[in-house]
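Observations on chain architecture
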Amino acid sequence: MLFFVTQNHPGGTAPAPSTPCKDERSCLHAYHAPHGPATSGARHRSGKQGVDVSEQLSSRQQQQPPLHTAHMTVEPYARQALAAGRYREAIKHYRTLAQTEPESTWAEGLAAAYRGRALELAAKGMPREALAIWENREWRCPGALPEPEQIRLLLELDEAEAAQAAYIRMCEAGATEPLSRARPHLAACYLAAPERLAELDPEDPVRADGDTALAALAAYCTGQDEVAAQHLRTIPYRSPYRDFVTVLKALMIEPEQQLSAERLLEGVDDSSPFAPLAEAARLARLPDPELLPALTRVDEPLRRFATALRGWSTQRYELWRELFRPEAPQPDADLPAVLADWRSELGEQWSRRQRIRLAFQEVAVHGRALVLPEEADEFEQALLQAWCTECFQADDYTAVLAAWQAVIAALRADAEPVPGDQNALRIAAIQRRLASELGLLHTPLAAEAENALAESVTLDPDHLPGHRLLIQRHRDCGRIAQARRSVDQALARWPEDRSLLQEALELALHGEDFEGAADFARRILERDPINRRARTVLHDALLSRARSACAEGNPEAAHTALAQAETWADSAAAQAQLERLRTVVDATHGSGTKAHRWRARTLTDGRTLGHALALATEAELAGQPAATVLVQSGLNPPKRIDRQQLRDLCEWIHEVAAEAGGILGRALGPFAPALRRAVRIRTLDLDDYAAVCEALRAAGQEELRGRFAREALRHRLEDPLFTVHNLEARYANEEAGRPTSRELDQLRRAFRQARRSDDKRTAHRAGVLIKRLIPDPEHGA
Amino acid sequence: MDKTLNPMPRPDLEHADPYLCLGVERDADDAAIHAAYLAAVRACPPERDARRFEALRQAYQAIRTERLRLAQELFDTRPATAIDLLDRAAPTEAPGRPDEETFRAVLGPRGKR
């Protein structure tokens, strides 16, 4: 008889029994023995008479109660250990208690402690040890019913008979909730081996639904989906086979409806005994690159299942095992060995070529010494050597060339290739690679590369890019005659190819063969009527010809070229340019009357000054003095211009600046007096000044720009934009000297002000100018 | 149980051999390769599997003409991957069904799995 003292309460008034914690209750709930008077009495007694000293003891004391008081104080320790999940300790304490009182008194706590410990060991992956604990529980607590987890463990460890016996005990006790958790495990076992659960009641759901599930499985495995579906429909929703039904339904869904299948499989809980089936089904739906490594992480039956679903043959599975070696400690397969072993299935030649590539990888990736495969022939050995040379001696052009020439020699070893045959195409591919991708054309070995390129065209005459490469090379080297020969050869094969015709057109123009060029242009336009490039190239070339003739004093040739160019002018702008050049030729070598015709045309749109500038530019392009041409054509600029004319002129400056370049400065010469006077036009506002400054900046007229900028600064002091224009114009070239400190201060203020007002463009310009004008202090300035 | 399995792609497990990627014989001509490419792209459009589509496109670009096929043979140094070997030696057949024995092995005791 256990004696509980109340030492801490000499008056005999024991404190109220501490309520068992929630965890403890949850641990105790699994006790299903009939509550006999002894057990309930013990619990009542321990609660009433026992003293819960746990709160007053240190943790060390809690673990090791003093031996001389063990019989009095052990129970609180046992309860506390159980609640805290210290099951080994709880088992020890309850067994101590059982030595002083009948075991049945403490069976409830002991059973809970054994259960907790068994689950703990199972979770740690120690199923045998966990089973031993369950067995101890049965022995020490005869009244305790088996648990679903115990049945699951027994089945996992192939102890079906013991599991069956435990299940039958549960059924006899009528424990509904544990039974519903235990049944799916037995159901899985019944599907795996029905004969092992033969002692179950035929009315039991495991057997009653099991036969239907087996029939459905057999129908599914033989491809009778309809029959299988019929069987599945008869299995009730609350059957232990519910997860099996779900998995089988998912397996019968077509691969195209992957989403539906996945949704079904998600319904199978991870703790379900049918979860491995669901996992295998999910595996089988992975794409190959994910499936292959994923298979290593599951066990053999699952792999077999997933690969069978995937349609793998036994041979494929065996090869996968060799490649991925799921059970081997070192997962990297010996690929060359696998290639050798499986060469009959892989194909002798394919296997050999792959071994050469692997040999190269060994050198290039793993840095190992080059080992030539024994079975490699002369070509393969040379190829491997060339890869290695390219990889490790890429800068040694001679070595690279020699290595690939060795490959070509190997290809030629048996017989000289005939243009167009496979070996000829291989050689040509190598030669093109040498010239283009390996860039030998731009090295001291350019001559060899060029010869190779020329030979590639001979060996592979039907390869247009090869021809283009050769033509481009001739053009780059200025060998126009050779380029034209190559183009002619190519055109003989591809007369319809527009890029070749364009090439021929440009080459003809390069040789001043305008007739030939016009012929090619016509051929291009016949095939591609909206092609503008052919027209533009020819038109521009003829204009250049006319300008040259004008500069050489040959107006007839100029007019001839202009007449030809007129055919190819495809826009009003091109036509106007042509007319301007014609006016220049007439003004300098012909009659003033003809030159005045242009003036008459310009008067119609009212932008005389702009047209005059365009004409002046054209005159300078044709090597004629702009002032003379303007006078001859009656478009001499006026001495004074108004605000509108100034804006108009600025617009034209922007238009012609791009193509005229340095000529624009000379073309603007006749306009300079008018522009100088325009500085003082009273109606100009700051926008006008800004537009004029920008136009003059584009034309490189720095002196005039400075004037306009200073005038604008008179209207608005310290304006950042005009400050920058003024100082940019003043210090446009090196000869302008060094800026004063006052100017630098102005520039810095302009920079800060532009940044404050978020004028990024002006701030950027000011910044660039500051950098240019203030020398780098590191250079001692 | 990890339901995500292995979502990370591994380049060493993609096809390195363009013929196997497209599922054509090594002596296939331009038309056969083009047809195989179109069929593969139809079966696996980019919106379904962008990675696979890109692999198909690259494979097609590598061997679509005879000259490209010869160049691939001469200049492509990538060795075959595991998937190449598997597809070459024992190509996947149509999706199959496990037999009852395989089912039982999965559901059987842990010791037997």
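Residues numbered from 1 in each chain as written. Chains lettered and ligands numbered in written order. Predicted model: local features only at pLDDT ≥ 70, side-chain atom pairs only at ≥ 80, totals over all residues. Heavy atoms only, no water.

A word on the overall build of chain B. For chain B, the helix and strand inventory stands at 6 helices and 0 strands. Going from N to C terminus, chain B has its helices and strands arranged as α-α-α-α-α-α. Counting all 113 residues of chain B, 46% fall into the buried class. In chain B, the share of contacts with a sequence separation of at least 24, taken over all contacts with a separation of at least 6, comes to 66%. (Helix = DSSP H or I, 4+ residues; strand = E, 2+ residues; numbered from the N terminus. Buried < 20%, exposed > 50% of the residue type's maximum accessible area, 1.4 Å probe, protein only. Contact = heavy atoms within 4.5 Å.)

For the structure on display, the rule yields 68 salt bridges over all chains. Of the charged contacts in the structure, one is a salt bridge between aspartate 76 of chain B and arginine 78 of chain B, with a shortest N-O distance of 3.2 Å. Owing to a relative accessible area of 15%, aspartate 76 of chain B belongs among the buried residues under this scheme. On the accessibility criterion, arginine 78 of chain B (45% relative accessible area) is partly exposed. If you follow the salt bridges from partner to partner, you end up with Arg115, Arg137, Glu147, Glu149, Glu177 and Arg181 of chain A in one network. (Salt bridge = Lys/Arg side-chain N within 4 Å of Asp/Glu carboxyl O.)

The subject of this paragraph is the confidence of the model for chain A. In the predicted model, chain A carries a mean pLDDT of 83, and 88% of its residues have values of at least 70. This model gives residues 1–58 of chain A a pLDDT under 50, and the stretch forms 79 contacts once residues within four places in sequence are excluded. (pLDDT = per-residue confidence, 0-100.)

Let us look at the nonpolar core. Within the largest apolar cluster, 108 residues are counted, with the highest numbers of intra-cluster contacts made by Tyr241 and Phe244 of chain A together with Phe103 of chain B. Those residues in contact with phenylalanine 244 of chain A that sit more than four places away from it in its chain are Leu191, Ala213, Leu217, Phe274 and Leu277 of chain A together with Phe103 of chain B. Of all hydrophobic cores here, the second largest spans 87 residues; its members include Leu500, Ala508, Ala557 and Ile641 of chain A. (Core = buried A, V, L, I, M, F, W, Y, C linked by side-chain atoms within 4.5 Å.)

This brings us to the side chain of arginine 705 of chain A. Residues and elements named next belong to chain A. When you line up the elements, arginine 705 lands in helix 40 (residues 702–715). On the basis of relative accessibility, which here comes to 2%, the residue arginine 705 falls in the buried class. Here glutamate 728 takes part through its side chain, which lies 2.9 Å from a polar atom of the side chain of arginine 705. Every residue in contact with arginine 705, bar those within four places of it in the chain, is listed here: Cys693, Leu696, Arg697, His725, Glu728 and Ala729. (Polar contact = N/O pair within 3.5 Å; in protein donor to acceptor, adjacent residues only side chain to side chain.)

This part covers the interface of chain A and chain B. Counting residues at the interface gives 82 residues for chain A and 55 residues for chain B. Taking both partners together, chain A and chain B bury about 6,200 Å²; carbon and sulfur atoms supply 64% of that area. Counting the surface chain A buries against chain B, the share from its top three residues, Arg316, Trp350 and Arg357 of chain A, is 11%. Across the pair arginine 97 of chain B and aspartate 225 of chain A runs a salt bridge, and its minimum N-O distance is 2.5 Å. Here chain A is connected to chain B by 21 residue pairs in polar contact (both at pLDDT 80 or more). Its residues assigned to classes, the side of chain A that touches chain B shows 50 nonpolar, 9 polar and 23 charged. (Buried area = accessible area lost by both parts, 1.4 Å probe. Nonpolar A, V, L, I, M, F, W, Y, C, P; charged D, E, K, R; others polar.)

The phi torsion of most residues other than glycine is negative, and most of the peptide bonds are trans. Residues and elements named next belong to chain A. Residue aspartate 158 is not a glycine yet carries a positive backbone phi of 65°. For aspartate 158, the position within the fold is in the loop between helix 8 (148–156) and helix 9 (160–173). The phi angle at glutamate 718 is positive, at roughly 60°, despite the residue not being glycine. Counting through the fold element by element, glutamate 718 comes out in the loop between helix 40 and helix 41 (720–730).

All names here are of chain A. Here helix 28 (residues 498–510) contains 13 residues, and its C-alpha end-to-end distance of 18 Å stays within 8% of the 18 Å for a straight helix at 1.5 Å per residue. Residues of helix 28 that are buried make contact with helix 26 (464–476), helix 27 (480–493), helix 29 (514–527) and helix 30 (532–551). Glutamate 512, located one to two residues past helix 28, shows a positive phi value of around 60°. (Expected span 1.5 Å × (residues − 1).)

This next bit is on the packing of aromatic side chains. The tally for this structure, following the rule as stated, stands at 9 aromatic pairs over all chains. Between the aromatic rings of tryptophan 320 of chain A and phenylalanine 324 of chain A, the centroid separation amounts to 5.6 Å while the plane-to-plane angle is 15°, which identifies the pairing as stacked. Placement of the pair is tryptophan 320 of chain A and phenylalanine 324 of chain A together in helix 18 (residues 314–324), with a separation of 4 residues, close to one helical turn. You can call phenylalanine 324 of chain A buried: its relative accessible area is 12%. Each member of the aromatic cluster is reached from another via a ring pair, and the members are Tyr220 and Phe305 of chain A together with Phe103 of chain B. A cation sits over an aromatic face here: arginine 242 of chain A above tyrosine 237 of chain A, 4.6 Å from the ring centre. Residue placement shows arginine 316 of chain A over the ring face of tryptophan 312 of chain A; its charged tip is 4.8 Å from the ring centre. (Phe/Tyr/Trp six-rings, centres within 6.5 Å; stacked < 30°, edge-to-face > 60°. Lys NZ or Arg CZ within 6 Å of the ring centre and 35° of its normal.)

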